[in-house]
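Residues per chain are reported as follows:
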Amino acid sequence: MSHARPDTSASQIEQAAALLAQGRLVAIPTETVYGLAGDARNPDAVRAIFALKGRPADHPLIVHIGTVAEIAAWAARVPPAAMELASAFWPGPLTLVLPAAPDVPRVVTGGLDTVALRMPAHPLALALLRRLGRGLAAPSANRYGRVSPTCARHVREEFGEGVAMVVDGGACTIGIESTIVDLSAGTARILRPGAITPEQIERCLHAAVERQPAPGTRSPGLKASHYCPRARVVCTAPDQAAATAAHWLARGHRVCVLSPAACDQMHAGLVWLRVSDDASTLARQLYAKLRQADDLQADVIVAALPAAAGIGAAVRDRLRRAAGGGEEFRA
Ligand code: AMP
Ligand code: MG
């Protein structure tokens, strides 16, 4: 884990807190991905987040809080399951969707009567939230639909001077977005897979959770196309990666392969980026590898899908959405 040294952290937190209190936007590290943070109770700051990201106004933002007690300030009703999950997994990569309190600005919730809450585990994010004592809306610090940033440099490449400050907290330790659980309507329902698995949630609640969003659920992370690099992404079974790469190379494309296997072919148009065969490590590497493939001017990224166990299911979800929701390609 590489986090900024404590001495530099304290001054970063003070500076970030001052900017956020003025309604400015600050990129912050979390353990999942970097967030583009603004005061969630300041409608102008929230609108500025939507504008900078180019995100449609009806796509709700997650409100980040620094203490469990703050749930009461945002939720109209706090079901027992929310307290059980918050006690078990906060601070951590789990977002809870709850009925919104009447005074929650509807610009944050994209007009919905529910609000998404999370307490992040990154020490700088937590320290900043507790220093401010206010909720921060903080969607991933990338332009709408593109690859989430997992280090401070990615944010600067994405937004340049568009963001008042980037708090540098090192590389994200989880690397993909939080698990989202909807508790606003009876049974718990997973809206987005992440590092906290359905099995962990079921063990905590002693109850079954729905693994899929209800048909028609409005939640932008559910869009078939999301997390997209510039290059076209093609997902394959691990043993099909080489053949799939050959297929695209034969058509004259520059191909970048992301696979845990060793490269067994040479081609001027081929870059083979080895990734971990451990799903947690792959999650941590994933977005940086997609950005690297873009930097290498790949036309096509051939990505070997990991097994669906544990966080592997969430990695598969992100890769499929990066591929635009298309089916697995078989050469
Ligand atoms: P991002 O912060 O860009 O990773 O996106 C936030 C995710 O949280 C999106 O997938 C949203 O749909 C989801 N989200 C935020 N608020 C709500 C809500 N009130 N109901 C359902 N999903 C939400
Ligand atoms: Mg995002």
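Now for a look at the structure at hand. Throughout, residues of each chain are indexed from 1 in the direction in which the sequence is written. Labels are handed out in written order, letters beginning with A for the chains and numbers beginning with 1 for the ligands. At least 70 in pLDDT is required for a residue's local features to be given in this predicted model, at least 80 for side-chain atom pairs to be given and counted, and no such filter applies to totals for whole chains, interfaces and linings, which use all residues. Hydrogen atoms and water are omitted, and side-chain values are computed over all heavy atoms in the structure.

**Quick look at the pattern of salt bridges**
And then number 1: The working definition used for a salt bridge is a side-chain nitrogen of Lys or Arg within 4 Å of a carboxyl oxygen of Asp or Glu. Summed over the entire model, instances satisfying the criterion amount to 14 salt bridges.
And then number 2: Of the charged contacts in the structure, one is a salt bridge between R131 and E14, with a shortest N-O distance of 2.9 Å. Pair noted here: R131 is in helix α5 (residues 123-132) and E14 is in helix α1 (residues 6-21), with a separation of 117 residues, a long-range link.
And then number 3: Of the charged contacts in the structure, one is a salt bridge between R318 and D317, with a shortest N-O distance of 2.8 Å. As far as burial versus exposure is concerned, R318 and D317 are alike and both buried.
And then number 4: In this structure, a network of salt bridges that share partners links the residues E177, D317, R318 and R321. Helix and strand labels come from DSSP, where a helix needs a run of H or I of at least four residues and a strand needs a run of E of at least two; each type is numbered from the N terminus. For each residue, the accessible area found with a 1.4 Å probe, counting protein chains only, is set against the maximum for its type, and the residue is called buried under 20%, exposed over 50%, and partly exposed in between.

**Topic: empty space enclosed by the protein**
And then number 1: A pocket, in this scheme, is an open set of points on a 1 Å grid over the protein atoms alone with protein on both sides within 12 Å along at least 5 of 7 lines, while a cavity is a set where a 1.4 Å probe fits but cannot get out; residues line either one if an atom lies within 4 Å of a point. Grid points are joined across faces, edges and corners, and a volume is the space filled by probe spheres set on the points. Within the structure shown, the criterion is met by 1 cavity of 30 Å³ or more.
And then number 2: Estimates place the volume of the largest cavity at around 30 Å³.
And then number 3: Surrounding the largest cavity, L258, V275, L282, L286, A303, A304 and L319 form its lining.
And then number 4: In terms of residue class, the lining of the largest cavity is built from 7 nonpolar, no polar and no charged. All amino acids are sorted into three groups, where Ala, Val, Leu, Ile, Met, Phe, Trp, Tyr, Cys and Pro are nonpolar, Asp, Glu, Lys and Arg are charged, and the leftover types, Gly among them, are polar.

**Brief notes about the layout of surface pockets**
And then number 1: If you add up the space inside the second largest pocket, you get close to 320 Å³.
And then number 2: Lining the second largest pocket are 18 residues, with I190, P193, R211, Q212 and A313 positioned closest to its centre.
And then number 3: Breaking the lining of the second largest pocket down by element, the ones donating at least two residues are β9 (189-192), α7 (198-205) and α10 (312-322).
And then number 4: Classifying every residue of the lining of the second largest pocket by side-chain character gives 8 nonpolar, 5 polar and 5 charged.

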